[in-house]
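# Commentary on secondary and tertiary structure
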Amino acid sequence: EGHPELKIVIAHMAQPRVRDESDTAKWREWERQIDLGLLPNVWFDTASVPAYVDGEDYPWPSSARFYKAAIGRIGAAKLMWGTDIPGMLSFGMYLQLRKTVEVNMSFLSESDLAMVMGGNAENVFGL
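Here goes a summary of the coordinates provided. None of the values given here were measured: they were computed from a predicted structure. Counting restarts for each chain, with residues numbered from 1 along the sequence as it is written. It should be noted that, the model being predicted, local features are given only for residues of pLDDT at least 70 and side-chain atom pairs only at 80 or more, the latter also being counted only at that level, while totals for whole chains, interfaces and linings use all residues. Excluded from the side-chain calculation are hydrogens and water; included are all heavy atoms of the structure.

## Focus on the packing of aromatic side chains
Here a pair means two rings of Phe, Tyr or Trp (six-membered ring of Trp) with centres within 6.5 Å. Their orientation is stacked below 30 degrees between planes, edge-to-face above 60, and tilted elsewhere. Following the criterion strictly, the structure yields five aromatic pairs and no others. Relative to Trp30, the ring of Trp27 has its centre 4.7 Å away and its plane inclined at 35°; by these criteria the two rings are tilted. Here Trp27 pairs with Trp30, and both are found in helix α1 (residues 24-34), just three residues apart, close to one helical turn. Taken individually, Trp27 and Trp30 each receive the classification buried, so the pair is uniform in this respect. Aromatic side chains Trp81 and Tyr94 sit 5.8 Å apart centroid to centroid with 80° between the ring planes, which places their arrangement in the edge-to-face category. Of this pair, Trp81 sits in the loop between β3 (79-80) and α3 (94-104) while Tyr94 sits in helix α3, placing them 13 residues apart in sequence. Burial here depends on accessible area, computed with a 1.4 Å probe over protein chains only, as a share of the maximum for the residue type. Under 20% is buried, over 50% is exposed, and the range in between is partly exposed. Taking the relative accessible area as the measure of exposure, Tyr94 reaches 45% and is therefore partly exposed. Ring-pair connections join several aromatic residues into one group, and the members of that group are Trp27, Trp30 and Phe66. Helix numbers and strand numbers start at the N terminus; a helix is a DSSP run of H or I with at least 4 residues, a strand a run of E with at least 2.

Structural data, given as structure tokens:
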């Protein structure tokens with residue numbers, strides 16, 4: 001709030017975890033972190049979200065709940081797709097990491113999905 005001209009991208013969508021969904025205090029803390037995206041100069045990337053979905057394989061279906069919860073709080077214009085490669089290569093290949101967002105954000109309009117997949121990053125980084 002004190003530096004509105006500073007653009008901040010919080011990595012890994014603030015690390016939501018499946019096991020924290022049932023812990024009200026931890027889930028509220030995650031929501032408070034996501035609410036930082038209500039500030040005009042704060043965004044989140046989706047890199048590494050599959051790493052926080054314990055015990056699931058591609059397309060990491062539980063990640064859809066996290067995406068939907070975050071977008072419901074701050075909107076699709078505040079999320080940017082990311083992979084966190086090379087670290088995420090132990091979880092999935094590049095194409096899987098790209099497709100998981102498309103699959104698990106199928107509730108978005110085509111234009112909102114396009115913003116998450118690149119348009120928001122273009123806007124944030126002035127590309």
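## Description of α3
Along α3, the residues classified as buried are Leu97, Thr100, Val101 and Asn104. Considered in projection along α3, the buried side chains sweep an arc of 95° and stay on one side of the axis. Contact definition: two residues touch when any of their heavy atoms are within 4.5 Å. Close packing links the buried residues of α3 with α2 (63-74) and α4 (110-125). Directions drawn from the helix axis to the C-beta atoms are what define this arc.

## Let's talk about the nonpolar core
Residues Met13, Ile34, Phe44, Leu79, Met105 and Val116 are the most contacted members of the largest nonpolar core, which totals 22 residues. Counting residues per element, the ones that place at least two in this core are α1, β2 (42-45), α2 and α4. No other element matches α2, which puts five residues into this core. Leave out the neighbours within four places in its chain, and Leu79 touches Met13, Phe44, Ala70, Ile71, Met105, Met115, Val116 and Asn120. Definition used in this section: a nonpolar core is a set of buried Ala, Val, Leu, Ile, Met, Phe, Trp, Tyr and Cys residues joined via side-chain atoms within 4.5 Å.

## Brief notes about the sheet that holds strand β1 (residues 8-10)
DSSP-based pairing: two strands are paired if at least 2 bridges between them are found. Across the sheet, three strands lie side by side as β1-β2-β3; this open sheet has parallel pairing. Because the sheet does not close on itself, it has two edges, and the strands there are β1 and β3. Sheet topology note: the β2/β3 ladder contains two bridges and is parallel. Bridge assignment links Phe44 to a residue of β3, and that residue is Leu79.

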